[in-house]
Amino acid sequence: MTETPEAEPPEAEGAKTFAELGIHEDVLEVIAEMGWETPTPVQRDSYPLVIAGHDVIVQSRTGTGKTGAFGIPLVDRLLSDDGDEQALVLAPTRELALQSAREIAKLGARRGIDTVAVYGGASMEQQVRALEKGARVISGTPGRVLDHLKRGTIKASRLRVLVLDEADEMLSMGFAKELHAIIERLPKKRQTLLFSATVDRAIKRVAEKHMHEPQFLGLSGDHVGALGIEHFVYMVSGVGRVANLISVLEIEDPESALIFCNTKAETEEVSAALQRAGFNAEWLNGDRPQREREEVLGRVRREEVRFLVATDVAARGIDVSHLTHVINFSLPTNVEQYVHRTGRTGRAGRTGTAITLVGPTELGILYYLRLQYRIFPVERTLPSEGEQRTRQEADRIAMIDAAYPNAPNEHDLALVRRFMSHADAERMLAGLLSAFFGEETGDVDKVAATRRRRGKEHPDDHSMVNGDPDDATSEAEEESPTATLYVNVGRRDELRASELGRMLRDRTGLKRKEIGRIRVRDKHSLVDVPEDRAQDIIESMAGAVLGDRELELELAKGD
Ligand code: AMP
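Throughout what follows, the structure given in this document is the object of discussion. This is a predicted model, so every value here is computed, not measured.

So, on to the overall build of the protein chain. For the protein chain, the count of helices and strands is 21 helices and 21 strands. Across the 559 residues in the protein chain, those meeting the buried criterion constitute 50%. Of the contacts made within the protein chain by residues no fewer than 6 positions apart, 75% connect residues no fewer than 24 positions apart. When the accessible surface of the protein chain is totalled, it reaches about 27200 Å², and 49% of it is carbon and sulfur.

Here you go:
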C-alpha cells in the first residue's frame, strides 16, 4: 500500500471550489443545484487520485461527503459518455445502497447516467427490468448483487469500477464471503475504491488481495463535516479562564463532557477547580499511576464521572462515546488535533457538541480551522455579571415556588398580608430568605457550589427539600438511608418538583417529610426516597401519567 498520510495530492493544492477541480459543467450545475458550495476535504482530496485512475482507500465516515467523493468522479470521468461499462457500488445496508443510488442518480442526471439500486427484500423482477434498461451505476447490497451476478442479470464483464462503501461495516456484518465471491467474478482490469471509517487489519487484507497498488488517503480531517457535530466557541479574555469554564458549564449544562487541556498541569488545576465549584469532575494524564487511571476509567465507564478532564494523550483510545460534549479548555496548537478531539463526540450516529474557549492568542488557530477545514463554529458570549445574577435570582424564586406548593391557610394568609404592609418588610424578607438558603444570599457563587455539592447536581436544577425552611440547610436525608429514583420526565415535559411531590404523596402514601430532594432536570428528574420503600414506590407509580407521558420510575444509576 502506498501511504500518502495526510498529504494533499499536488493537483488538489489550492483547489477550493468544484470548478477548480476541473469538473464538467453539467455536473457542476447539478452540484450547485444540490446546494453544495465547496468540496468537502474528502471530495477535494480524493478527486484527483480517483480520476488519475488509481485504486484508492479513503478513510472517511458518514457525514463527510464520501458519497459525493466517489459519485462525482464516477459520473464526471470514470464512465465514458458513449461506452457501456458499468460501476458497482457495494454497501452494507439497503438504506445506504438506496441513499447512494439517489445521490449518484442526481449527480449523473445531466450526463445521461442512470443508476439502479438492488437489494434484498424487494422484487427481483423489477430490478432485472431496471438493469435491462441499461443503468450505468449499480448500487446494492452484497447478497442481492451476488444473486444477480450468478443469474447473469448483472454482467460481471461490464463492471469496470468497484466501490466498497463502508467496507468495515460490510465486514463486521458478515459479508466477507459474499464480497470475495463478487470480487472474484469481476474483471481484473478495473478500478477499485474503498471507503471505510476504520482501516484495520481485515480491511488491509481486502486491499492487499483485491486492490492494485492502492493509494491511501488517511485524511486527518475526515471527521470534519461530520454533520452530526455542532461547534460552538466562547470568546474569552484569557484571564480567569477557569472561571470562564465554570460559567460555560453552568450555561450549557452539558449532561457529561470530555474536557481537553493542552498540558498535564492544567488537567489537575481545572479538575480541582471544578470540584471546588461543586462539579463531579476527574482528571487523567500520563502522570497518574496506572492503578489510579484504571480506577478513574472504571468510574467513567460506569457513568459516575460527569466531567473528565484530560490531555490528548491520556484520552487516546479510551471509550468515552457516551459523553455528550467535548470541551476544549483551550484550542489545541495544531488544528488537526481539534478535529480529532471533536471527533470523540457524536459517535455512532448520535449528535455531539463541541465547545471551545478561545482567547486572543488562539484566534489564528480558529481562523485556520475555518479556512482549512471549513468548520465555522457558532460564536456565543458569556453573560455579564448582571445577566448571571438575574438568572440566579430566577432560579431561587423557582426553588421557593417549588418548595411550598400548597395554598396557605387563612391564618398564614392574614399574617402575610400584615407582613407585606409593614414598613420594613424588605429587610425582614431578606433575613428570611438568607435563612432559607442558609448562606449569605449575596454570595451567589458560593451558594450555587454548595447546592451542587449537596446533590452533586448542577445549578439549574430546581432543587428543593420538602418540609420547613430549616430542612433546606440541614441534610434531611442523613437520618435514614435513601435511594435515588430516576423519573423519565423533566422540565421539557413541564414537570414541576411540586407536582412530582404531590403525585408521589397521592399514589404511594409517602408523607411529605419522607420525600427527599426532588431535582427536575431537562429531560428527567431525580427524587430521593427512603431506601426500604423504593421498590414499593416504583410499583405504586406504575401507570401514573403527566400530560401524555406515562411516568416510569427506576433506581437511578450508581445508586
Ligand atoms: P455522506 O458523507 O456522503 O453521507 O454525506 C453527508 C451529507 O452531506 C449528505 O446529505 C450530502 O448530501 C451532503 N454533502 C455532501 N457533499 C457536500 C458538499 N460538498 N457540501 C455540502 N453538503 C454536502
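A word on the sheet that holds strand β12 (residues 307–310). With parallel pairing, the 7 strands of this open sheet are ordered in space as β11-β12-β10-β13-β14-β9-β15. One side of each edge strand has no neighbouring strand; the edge strands of this open sheet are β11 (281–284) and β15 (378–380). Recorded for the sheet is a direction-independent mean angle of 25° between the axes of neighbouring strands. Relative to the sheet, helix α12 (residues 290–301) contacts β11 and β12, its axis offset from that of β11 by approximately 135°. Against the sheet, helix α14 (residues 335–342) touches β9 (229–235), β10 (257–260), β13 (325–328) and β14 (352–358), its axis set at about 155° to β13.

As a further point, take the pattern of salt bridges. The full count for this structure, using the stated rule, is 27 salt bridges. Among the salt bridges present, the one from Glu29 reaches Arg110, with a minimum N-O distance of 2.8 Å. Highlighted residues: Glu29 in helix α1 (residues 25–33) and Arg110 in the loop between α4 (94–108) and β4 (115–118), separated in sequence by 81 residues. Between Glu33 and Arg110 there is a salt bridge; the shortest N-O distance is 2.7 Å.

A few words on the sheet that holds strand β18 (residues 525–530). What the 4 strands build is an open sheet, ordered β17-β18-β16-β21; its pairing is antiparallel. Lying at the two open borders of the sheet, with one neighbouring strand each, are β17 (518–520) and β21 (553–555). Mean inter-strand twist for the sheet, computed between neighbouring axes without regard to direction, equals 30°. Strands β16 (482–487), β17, β18 and β21 of the sheet are contacted by helix α20 (residues 497–508), whose axis makes an angle of about 130° with β17.

Every one of the 14 residues lining the ligand counts as a neighbour, but Thr38, Gln43, Gly63, Gly65 and Thr67 are closest to it. A distance of 2.8 Å separates a nitrogen atom of the ligand from a polar backbone atom of Thr38. Note that an oxygen atom of the ligand is positioned 2.5 Å from one of the side-chain N or O atoms of Thr67. In the complex, the protein chains occlude 74% of the 500 Å² of accessible area that the ligand would expose alone.

Next up on the list: the side chain of Arg505. Note that Arg505 resides in helix α20. For the buried residue Arg505, which engages in no salt bridge, the nearest side chain bearing the opposite charge is Asp506, 5.6 Å off. If near-sequence neighbours (up to four positions away) are discounted, Arg505 is found in contact with Asn406, Leu510, Lys511, Arg512 and Ile515.

This model, assessed by the stated rule, comprises 2 aromatic pairs. Between the aromatic rings of Phe279 and Phe307, the centroid separation amounts to 5.7 Å while the plane-to-plane angle is 70°, which identifies the pairing as edge-to-face. Within this pair, whereas Phe279 is found in the loop between α11 (264–276) and β11, its partner Phe307 is found in strand β12, the two being separated by 28 residues in sequence. Residue class for Phe307 comes out buried when judged on its relative accessible area of 0%.

Criteria and cut-off values
Residues numbered from 1 in each chain as written. Predicted model: local features only at pLDDT ≥ 70, side-chain atom pairs only at ≥ 80, totals over all residues. Heavy atoms only, no water. Helix = DSSP H or I, 4+ residues; strand = E, 2+ residues; numbered from the N terminus. Buried < 20%, exposed > 50% of the residue type's maximum accessible area, 1.4 Å probe, protein only. Contact = heavy atoms within 4.5 Å. Areas by Shrake-Rupley, 256 points an atom, 1.4 Å probe, with all protein chains shown as cover. Pairing = 2+ DSSP bridges. Axes fitted to C-alpha atoms, helices over the stretch in contact; angles between N-to-C directions. Salt bridge = Lys/Arg side-chain N within 4 Å of Asp/Glu carboxyl O. Near = heavy atom within 4 Å. Polar contact = N/O pair within 3.5 Å; in protein donor to acceptor, adjacent residues only side chain to side chain. Lys, Arg positive; Asp, Glu negative; His and termini not counted. Phe/Tyr/Trp six-rings, centres within 6.5 Å; stacked < 30°, edge-to-face > 60°.

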